[in-house]
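Residue strings, one per chain:
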Amino acid sequence: MTWFALTLPLIALALGFTLWPYAGVRRRADASRLEPDLAYDPLLERKEVVLRNILDLEFEHRMGKLSDADYAAARGDLEEEAAAILDQLAAGAAPTPAGAKPPAVCGACSAANPAGNRFCGACGASLEKPR
Ligand SMILES: [Zn+2]
């Protein structure tokens, strides 16, 4: 009986340590469920990525891994992209990554298809121009 009384709290303690990180994951998942629009908007996600890249860039520059010229060029590009995303967010436009090509229009049925598609999503015709 004493063996049982001693091991049970130890097992409970070990389980608690093991499962502790997952409790945090569940809490974060609950938070994202409260804001479904924020969690699944690709434009907002892109904004987060760009802002994080700017911070990473700044960090690497301070660490001396980037020359001033490289830092200025890369930071300019990122700031331009961030500004474009913020403009789109402000305008409430459909989320398209900055610098994306315009949608391809099908020659057979004139449906608009995302740039980069090789075949029309509506009729299946090839979207690639004959070379
Ligand atoms: Zn088509």
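Our subject is the structure that appears above.
Residues numbered from 1 in each chain as written. Predicted model: local features only at pLDDT ≥ 70, side-chain atom pairs only at ≥ 80, totals over all residues.

Participant: Which parts of the structure should I look at to understand the overall build of the protein?
Facilitator: Scanning the protein from N- to C-terminus turns up four helices and two strands. A fraction of 25% describes how many contacts in the protein between residues 6 or more apart in sequence connect residues 24 or more apart. (Helix = DSSP H or I, 4+ residues; strand = E, 2+ residues; numbered from the N terminus. Contact = placed C-beta atoms within 7 Å.)

Participant: Teacher, can you tell me more about unusual backbone geometry here?
Facilitator: The phi torsion of most residues other than glycine is negative, and most of the peptide bonds are trans. Here Ser-110, not a glycine, exhibits a phi torsion of approximately 55°, which is positive. Tracing the backbone through its elements, the reader meets Ser-110 in the loop between strand E1 (104-105) and strand E2 (112-113).

Participant: Sorry if this is basic, but what is going on with helix H3 (residues 42-62) here?
Facilitator: Note: α-helices contain 3.6 residues per turn, so residues at a spacing of three or four share the same orientation. Compared with the 30 Å implied by 1.5 Å per residue over 21 residues, the 30 Å span of H3 between its first and last C-alpha is a close match. Positive phi shows up at Gly-64, right after H3, with a value of about 85°. (Expected span 1.5 Å × (residues − 1).)

Participant: Before we go on, may I ask you to explain the environment of Leu-43 in this structure?
Facilitator: You can see Leu-43 is positioned in helix H3. Its 18 C-beta neighbours within 10 Å are what place Leu-43 among the partly exposed residues. The spacing of Leu-43 and Leu-89 is 46 residues in sequence and 7.5 Å in space, taken between C-alpha atoms. (Buried ≥ 20, exposed ≤ 12 C-beta atoms within 10 Å, placed from the backbone.)

Participant: I'm lost on the packing of H3 against helix H4 (residues 68-91) in this one. Help?
Facilitator: Packed helix pairs are characterised by how far apart their axes lie and by the angle those axes make with each other. Relative to each other, H3 and H4 sit at 160°, their axes nearing to 10 Å. By the criterion of interaxial angle, the relationship of H3 to H4 is roughly antiparallel. For the pair H3 and H4, the sense of crossing is left-handed. The segment H3 lies against H4, with Leu-43, Arg-46, Lys-47, Val-50, Leu-51, Asn-53, Ile-54, Leu-57 and His-61 engaging Tyr-71, Ala-74, Arg-75, Leu-78, Glu-81, Ala-82, Ile-85, Gln-88 and Leu-89. Here the residues of the contact of H3 with H4 sort into 11 nonpolar, three polar and four charged. (Axes fitted to C-alpha atoms, helices over the stretch in contact; angles between N-to-C directions. Parallel < 35°, antiparallel > 145°, perpendicular 65-115°, else oblique. Left-handed = near helix turned anticlockwise from the far one by under 90°. Nonpolar A, V, L, I, M, F, W, Y, C, P; charged D, E, K, R; others polar.)

Participant: Can you help me understand the environment of Glu-79 in this one?
Facilitator: Mapped onto the elements, Glu-79 comes out in helix H4. Taking the C-alpha atoms as reference points, Glu-79 and Leu-51, separated by 28 residues in sequence, lie 8.5 Å from one another.

Purely geometric numbers; function is a separate question.
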